[in-house]
Amino acid sequence: MAGSLTRDEPAGGSVLPRPVPAFARTAVHVAGVLARRVLLLAVLLAVVFAAVELLPGDAATATSERGESAADLAERRRLLGLDQPVLERFWDWMTGLPTGDLGTSARGESVADLLSRPFPNTLLLGGLALLLTLIASVALGCWAAARPGGRIDRAVSASATGVLALPEFVVAVALVLVFALWTDWLPAVTLTDADGSPASWRMLVLPVLALAVPQIGWNVRIVRAALADEAKAPHIETAVLDGLPPHRILTHHLLPGALPTIAAGLATSTGMLLGGAVVVETIFNYPGIGSVLAGAVTDRDSPVIAGVVAVTGAVLTGVLLIADLVRAWASGGRT
């Protein structure tokens, strides 16, 4: 009887497939993206081992003491596993990675212990720079979008373009020149406490600014463009015709629609911030992974270099995953 038919059983007798829930589609999409990024990280780690292998010399020679004999160097190479093929050494290192074992450095230290102090300092520096980037770029982008084509819009867009072109080390040198040498308002060198962290919050100001300023320029342009695209949507025109105040249109209609693009821009900036941190830490003598990485390259220390890449890649993967979830949420589960 027709009355016994359900929505999934049409009159023809065929059963229609039930729609896949939005959260399930999102979960499958995110799992696939995460698997691809983990695979990409594994390939990158393999490239790191191969690149260090191509450098002149090896870890045994780089860390040897003056006067060591050829027999001593041969024994050191055996202890470091350098007498084994690079693929075998890479496989041994990768098998310990899931348990948190990052191997042993060329100087006999646990890589995990070696990174346990400086890496949180780098995360603090990058996190503060990312927070400042988010606040400043959204504020400036919204300010410019409030008067499209006006003087403020043109000034913000031009300034963002100019700042975007500046490398972190140029910004860092300019900040030191102005705020440390000319005005003596802020310290140019970072001193540390007994636990290895910066001794004062004032020592974070210049490194954070040096990292954030170029990324603010990048993200202001992204926010401004995203808001301009969203302003063309029909529901925005409807909101304007309904007489809603500009600030409510901005916060309740424009920003939610532009959120996926803004999240993607910030996720990209995270990688740039962590990469730029190596240079900025060197300039300000900041106790982060920059000095550890520089020493590891000098020592031809594959486990340490790969350990830095692994923990940094894990952070970037997490941030990109959050950005994917934000985009999925803002689009109502459509991926």
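See the structure shown above.
Criteria and cut-off values
- Residues numbered from 1 in each chain as written.
- Predicted model: local features only at pLDDT ≥ 70, side-chain atom pairs only at ≥ 80, totals over all residues.
- Heavy atoms only, no water.
- Helix = DSSP H or I, 4+ residues; strand = E, 2+ residues; numbered from the N terminus.
- Buried < 20%, exposed > 50% of the residue type's maximum accessible area, 1.4 Å probe, protein only.
- Contact = heavy atoms within 4.5 Å.
- Areas by Shrake-Rupley, 256 points an atom, 1.4 Å probe, with all protein chains shown as cover.
- Arc of directions from axis to C-beta.
- Salt bridge = Lys/Arg side-chain N within 4 Å of Asp/Glu carboxyl O.
- Core = buried A, V, L, I, M, F, W, Y, C linked by side-chain atoms within 4.5 Å.
- Axes fitted to C-alpha atoms, helices over the stretch in contact; angles between N-to-C directions.
- Left-handed = near helix turned anticlockwise from the far one by under 90°.
- Nonpolar A, V, L, I, M, F, W, Y, C, P; charged D, E, K, R; others polar.
- Phe/Tyr/Trp six-rings, centres within 6.5 Å; stacked < 30°, edge-to-face > 60°.
- 1 Å grid on protein atoms, 1.4 Å probe; cavity = no way out; pocket = protein on both sides within 12 Å on 5 of 7 lines; lining within 4 Å.
- Points joined across faces, edges and corners; volume = space filled by probe spheres on them.

Colleague: Pulling in residues and values, what's your account of the overall build of the chain?
Modeller: Looking only at helices and strands, the chain features 13 helices and 0 strands. Ordered by position from the N terminus, the helices and strands of the chain form the series α-α-α-α-α-α-α-α-α-α-α-α-α. In the chain, buried positions account for 37% of the 335 residues. Partitioning the intrachain contacts of the chain with sequence separation of at least 6 by distance along the chain shows that 72% fall at a separation of at least 24. A total accessible area of about 18,600 Å² is found for the chain, and carbon and sulfur atoms account for 67% of it.

Colleague: Quick one: what's the story with helix α12 (residues 289–298), residue by residue and with numbers?
Modeller: Along α12, the positions that sit buried rather than exposed are I289, G290, V292 and A296. Buried residues of α12 fall within an arc of 165° about the axis and therefore sit on the same side. Downstream of α12 by a residue or two, R300 has a phi angle that is positive, lying close to 55°.

Colleague: Which residues make up the pattern of salt bridges, and what values go with them?
Modeller: Tallied over the full model, the rule gives 5 salt bridges. Between E75 and R78 there is a salt bridge, with its nearest N and O atoms 2.6 Å apart. Linking E75 with R78, this pair stays in helix α3 (residues 70–80), spanning 3 residues, or about one helical turn. For E75, a relative accessible area of 36% corresponds to the partly exposed category. D153 is the partner of R224 in a salt bridge, and the nearest nitrogen-oxygen pair spans 3.0 Å. Here D153 lies in helix α7 (residues 151–164) and R224 lies in helix α9 (residues 202–230), a separation of 71 residues in the sequence.

Colleague: I'd like a description of the nonpolar core, backed by residues and values.
Modeller: By size, the foremost hydrophobic cluster in this structure holds 25 residues, and its most contacted members are A129, A210, L211 and F284. Of all elements in the fold, only α6 (118–146), α7, α8 (168–182), α9 and α11 (246–283) reach the threshold of two or more residues within this core. Looking at which element gives the most residues to this core, the answer is α9, with 8 residues. Apart from residues no more than four positions distant in its own chain, A210 is found in contact with E168, V171, A172, L175, V280 and F284. V52, L115, A296 and A306 belong to the second largest nonpolar core, which has 21 residues in total.

Colleague: Tell me about the packing of α6 against α11, and name the residues and values.
Modeller: Direction vectors running N to C along α6 and α11 enclose 145°, while the axes themselves pass 8 Å from each other. Classified by chirality, the crossing of α11 by α6 is right-handed. Of the residues in α11, those in contact with T122, L125, G126, A129, L130, T133, L134 and C142 of α6 are L250, L255, L266, T270, L273, L274, A277 and E281. Residue classes in the contact of α6 with α11 are distributed as 11 nonpolar, 4 polar and 1 charged.

Colleague: Describe in detail the packing of aromatic side chains, supporting the description with residues and values.
Modeller: Going through the model one piece at a time under the given rule, you end up with 3 aromatic pairs. Judged by centre distance (5.8 Å) and plane angle (55°), the ring pair of F49 and W93 falls under tilted. With F49 in helix α1 (residues 22–54) and W93 in helix α4 (residues 86–96), this residue pair connects regions lying 44 residues apart in the sequence. Neither F49 nor W93 differs from the other in exposure class; each is buried. For the pair F179 and W185, a centre-to-centre distance of 6.1 Å together with 45° between the ring planes defines the contact as tilted. Given a relative accessible area of 25%, F179 falls into the partly exposed group.

Colleague: I'd like a rundown of the packing of α6 against α9, residues and numbers included.
Modeller: For the pair α6 and α9, the least separation of the axes is 7 Å and the interaxial angle reads 40°. Once α6 is placed against α9, the crossing between them reads as right-handed. Looking at the contact of α6 with α9 residue by residue, the class counts come to 21 nonpolar, 5 polar and 1 charged.

Colleague: Give a detailed account of unusual backbone geometry, specifying residues and quantitative values.
Modeller: In this structure, D184 is a non-glycine residue whose phi angle is positive, near 55°. Checked against the element boundaries, D184 lands in the loop between α8 and α9. Judged by its relative accessible area of 61%, D184 is exposed.

Colleague: How would you summarise the side chain of T270 if you had to cite specific residues and measurements?
Modeller: By the secondary structure assignment, T270 is in helix α11. A relative accessible area of 8% means that T270 is categorised as buried. Excluding residues within four positions of it along the chain, T270 makes contact with L130, L316 and V319.

Colleague: Before we move on, can you summarise the layout of surface pockets with the specific residues and values?
Modeller: Within this model, the largest pocket holds a volume of roughly 410 Å³. In terms of lining, the largest pocket is formed by 18 residues, of which the most central are L44, V309, T312, G313 and L316. When residues of the lining of the largest pocket are traced back to their parent elements, those giving at least two are α1, α11, α12 and α13 (302–330). In terms of residue count, the dominant contributor to the lining of the largest pocket is α13 (7 residues). Residues belonging to the lining of the largest pocket are distributed by class as follows: 11 nonpolar, 5 polar and 2 charged.

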